[in-house]
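Residues per chain, in single letters:
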Amino acid sequence: MKYKAIIFDLDGVICHTDKYHYQAWKAVADKLGIYFDEVINNRLRGVSRMESFEIILERYDKPMSQEEKEVYTTEKNEIYKELLNNMSPADLSDEVKETLDGLRAAGAKLAIGSSSKNAKFILERLGLGDYFDAISDGNNITNSKPDPEVFVKASQFVGEDAKDCLVVEDAKAGLLAAIGGGMDCAAIGDAVASGLATYNLTTFSDLLKVTEA
Ligand code: BG6
Ligand code: MG
């Protein structure tokens, strides 16, 4: 095993919550009469809740106070959390679970590095509530990806140096965060196209190959 710790982004890597984020933001955007589609939704990957709303508001021509923004982002989160109740351990693929188990058996510590404030709730829904050695998420950071803070905190939580950590990401902002933190990174899904990663994964289980010493 080449790494002492592997830090996983959650949304888009361990599980797929895109459709729920989309539905919840769409409900808020519709209420405000703002155009919103899946292409705009893709720009929200890895970005914090409030920064996501600011991207949606690029198409809103009236001023909005901070208090109003809080009301709408809270409303979005309530809808999103309701939708997350649809998730269950059946949403964790065998490939992801077997790969995680294999990486742990090979000696790596496993951590989460997610911008989401719902990370623990999602992990519980997936049956992974107690699985990871550490969780760094939207609740313990001040700066969202591409700032490295979430991954730096994760490496501190597991007590490993950045150079001994590998980050797994599906968003360009997340790859930039890993690189900024001095960590190697593996890209999956849309993040592959950025060409920024140390490794490009075709499928999640490729992690077992690329981390072999
Ligand atoms: C990231 C998602 O994991 O979490 C983003 O990729 C999302 O799309 C962000 O905006 C914040 O999530 P939450 O659950 O705190 O609203
Ligand atoms: Mg992601």
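Before any of the text, the structure's been laid out above.
This section reports on the structure supplied with the text. (Residues numbered from 1 in each chain as written. Chains lettered and ligands numbered in written order. Predicted model: local features only at pLDDT ≥ 70, side-chain atom pairs only at ≥ 80, totals over all residues. Heavy atoms only, no water.)

Moving on, we get to the environment of tyrosine 131. If you trace the backbone, tyrosine 131 turns up in the loop between α6 (119-125) and β3 (134-136). Tyrosine 131 sits in the buried class, given a relative accessible area of 13%. Along the backbone, tyrosine 131 and leucine 100 are 31 residues apart, and their C-alpha atoms lie at a distance of 9.7 Å. (Helix = DSSP H or I, 4+ residues; strand = E, 2+ residues; numbered from the N terminus. Buried < 20%, exposed > 50% of the residue type's maximum accessible area, 1.4 Å probe, protein only.)

Moving on to helix α1 (residues 18-32). Over its 15 residues, α1 extends 21 Å from the first C-alpha to the last, a length consistent with the 21 Å expected when each residue adds 1.5 Å. Listed as buried for α1 are Tyr20, His21, Tyr22, Ala24, Trp25, Val28, Ala29 and Leu32. Tucked inside the fold, the buried residues of α1 contact α2 (38-42), α3 (49-56) and α4 (66-84). (Expected span 1.5 Å × (residues − 1). Contact = heavy atoms within 4.5 Å.)

This part covers the packing of aromatic side chains. According to the stated counting rule, one finds 6 aromatic pairs in the structure shown. Taken together, a centroid distance of 5.5 Å and an interplanar angle of 20 degrees make the contact between tyrosine 22 and phenylalanine 36 stacked. Taken together, the residues tyrosine 22 in helix α1 and phenylalanine 36 in the loop between α1 and α2 connect sequence positions 14 residues apart. The two residues tyrosine 22 and phenylalanine 36 agree in class, both being buried. Ring centres 6.2 Å apart and planes at 40 degrees place the aromatic pair phenylalanine 53 and tyrosine 72 in the tilted group. Separated by 19 residues along the polypeptide, phenylalanine 53 in helix α3 and tyrosine 72 in helix α4 bring together distant segments of the chain. The rings of Phe8, Tyr131, Phe132 and Phe204 are connected pair by pair, giving a single aromatic cluster. Here lysine 81 stacks its cationic end above the ring of phenylalanine 121, 4.6 Å away from the centre of that ring. The ring centre of tyrosine 131 lies 4.3 Å from the NZ or CZ of arginine 104, which sits over that ring. (Phe/Tyr/Trp six-rings, centres within 6.5 Å; stacked < 30°, edge-to-face > 60°. Lys NZ or Arg CZ within 6 Å of the ring centre and 35° of its normal.)

Remember that the coordinates give geometry; whether it matters functionally is a separate question.
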